[in-house]
2 protein chains.
Amino acid sequence: MRISELGERSEVPVPTIKLYLREGLLFRGKRTARNQAEYSEEHVRRLHLIRALTEVGGLSLNAVRNVLGAIDDKRVPLIDMLGVAHFALGPTPDGSPPSVEQVKALTEVDGFLTGLKWMVDPDAPARKSLAQALVTLRRLGQDVDVQAFLPYAHVADQLARQEVSSIDPTKQRGQVVEDIVLGTIVFEAALVALRRLAEEHHAATRFERRGERSRKPASLNRTPR
Amino acid sequence: MRISELGERSEVPVPTIKLYLREGLLFRGKRTARNQAEYSEEHVRRLHLIRALTEVGGLSLNAVRNVLGAIDDKRVPLIDMLGVAHFALGPTPDGSPPSVEQVKALTEVDGFLTGLKWMVDPDAPARKSLAQALVTLRRLGQDVDVQAFLPYAHVADQLARQEVSSIDPTKQRGQVVEDIVLGTIVFEAALVALRRLAEEHHAATRFERRGERSRKPASLNRTPR
């Protein structure tokens, strides 16, 4: 198919496709004429994957390049794909030295993970995210211990066990790594959305606005559905 | 305290504080001289709150303004604060009409939530996020039903029930709304971090890299801890 059809099929605007081609995120089509190339179903699929990474995962184009590079590099073992996705998701270290309270929180998080007997990369960015959550709560005067995260750790453990056991490593490598990367990013987005909806529901129940449609602040615009 | 001390105490750079003052996110200090103002502990606290919203929640300054406005507006009922935080967290509607597959996914999500008997705002942005997760998985060829989210809904329900019951509405209003907004944003970040760590652990266990430190792709730089 031509680039215009690729745009229609993938629902990605042609200028964006051209950007991805220039940035090397999308492999070039087969040249058929001086100024024309032929694209395939593989291109549609890759565009959907890029869109999942940027729109659902919120990845920058640089981070997308890292993830796609690892997906395409057959020397990267399957087991490392999760780590690649996690590093791409960030947070990116900003290079500044951690503060005293951040160091303290990191030590507590490390002890917490050891207590859970979880085997995780000592440099996993999620360790820092967890420590930062602790620091933020404390800065705002909440007297919170790292053990406050225990119920969250338990449900995370439960979900992850199920997810990892559903990976089928006998499928074609490209498909398996896509499953892993998508699983981590898309189901994360789903989990976050469901937690917000559940909070809304329980708040409505507790504060007895049963059946009444929750009022929304007029200052927040949104489009009608 | 002067602005320089406010910067040190809050760990927010003075130019950033000045930006927040100009943008109306931070209330002005008490003027003590022509070019000098006196700041209080309230300013330190507010700066920490802004930082939590931007750094942990990833909110834009406009979204922060909406959230702070609702926190400060005593007419906004407590129950609505969650909704305010959720609308600020997004996703922001982009105004484009939903595609056929998006409409289909939204209908499925609505049916799913009805089945769970959850009372949620018909316009809650998280509905769209959930539908988008479904669309993304399908575009990538995964034959997935909305019921695939059921285990996630169950843990979300479990966590939210606990969170909402821990809200103490007898505390001072300002403190309660901060607890609600922070709870949704900071514990969400913690949950996401823990899920990634749990995935890493279960992947390491399943793929038998027990005890071995996971290799990281050389292309991803990070600073030493």
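Parameters at a glance
Residues numbered from 1 in each chain as written. Chains lettered and ligands numbered in written order. Predicted model: local features only at pLDDT ≥ 70, side-chain atom pairs only at ≥ 80, totals over all residues. Helix = DSSP H or I, 4+ residues; strand = E, 2+ residues; numbered from the N terminus. Rg over C-alpha atoms; globule rule 2.2 N^0.38 Å. Buried ≥ 20, exposed ≤ 12 C-beta atoms within 10 Å, placed from the backbone. Contact = placed C-beta atoms within 7 Å. Least-squares fit on C-alpha atoms with pLDDT ≥ 70 in both. Core = buried A, V, L, I, M, F, W, Y, C linked by C-beta atoms within 7 Å. Expected span 1.5 Å × (residues − 1).

Undergrad: Got a sec to walk through the overall build of chain A? Specific residues and values, please.
TA: In terms of helices and strands, chain A carries nine helices and two strands. For chain A, the N- to C-terminal ordering of α and β elements is α-α-β-β-α-α-α-α-α-α-α. Relative to the 2.2 N^0.38 estimate, which gives 17 Å for 225 residues, the radius of gyration of chain A is 22 Å and therefore markedly larger than a compact globule would have. Projected onto its principal axes, the C-alpha coordinates of chain A cover approximately 70 × 50 × 40 Å. Relative to its full complement of 225 residues, chain A shows a buried share of 43%.

Undergrad: Lay out unusual backbone geometry in plain terms, naming residues and giving numbers.
TA: Residue and element names in this part refer to chain B. Not every positive phi belongs to a glycine, and Glu11 is a case in point at roughly 60°. Relative to the helices and strands, Glu11 resides in the loop between α1 (3–10) and α2 (14–22). When the 13 C-beta atoms within 10 Å are taken as the criterion, Glu11 is described as partly exposed.

Undergrad: Outline the interface of chain A and chain B, supporting the account with residue identities and numerical values.
TA: The interface of chain A with chain B comprises 87 residues on the first partner and 87 residues on the second. Contributions of two or more residues to the side of chain A that touches chain B are made by α3 (41–56), α4 (61–72), α5 (78–89), α7 (125–139), α8 (150–165) and α9 (173–206) of chain A.

Undergrad: How would you summarise the relation of the copies chain A and chain B if you had to cite specific residues and measurements?
TA: Overlaying chain A on chain B yields an RMSD of 0.0 Å, the required transformation being a rotation through 180° with an accompanying axial translation of 0.0 Å. A rotation of that kind, with that shift, is consistent with a two-fold axis. The rotation axis passes nearest to the C-alpha of Val155 of chain A in chain A, at a distance of 3.1 Å. In this assembly the copies share their binding face: 99% of the residues contributing to the interface of chain A also contribute to that of chain B.

Undergrad: Describe the nonpolar core, listing the residues and the values that go with them.
TA: Val67, Ala190 and Leu194 of chain A together with Val67, Ala190 and Leu194 of chain B are the most contacted members of the largest nonpolar core, which has 134 residues in total. Not counting residues within four places of it along the chain, the set of residues in contact with Ala190 of chain A comprises Leu130, Ala133, Phe149 and Tyr152 of chain B.

Undergrad: Can you explain α3 of chain A? Please cite residues and give values.
TA: With 16 residues, α3 of chain A should reach 22 Å at 1.5 Å per residue; the first-to-last C-alpha distance of 22 Å fits that figure. Regarding α3 of chain A, the residues found buried are His43, Arg46, Leu47, His48, Leu49, Ile50, Arg51, Ala52, Leu53 and Val56 of chain A. Structurally, α3 of chain A contributes buried residues whose contacts are with α1 (3–10), α2 (14–22), α4 and α9 of chain A together with α7 (125–139) of chain B. The first or second residue beyond α3 of chain A is Gly58 of chain A, which carries a positive phi of 70°.

Any functional reading would require information that these geometric values do not contain.
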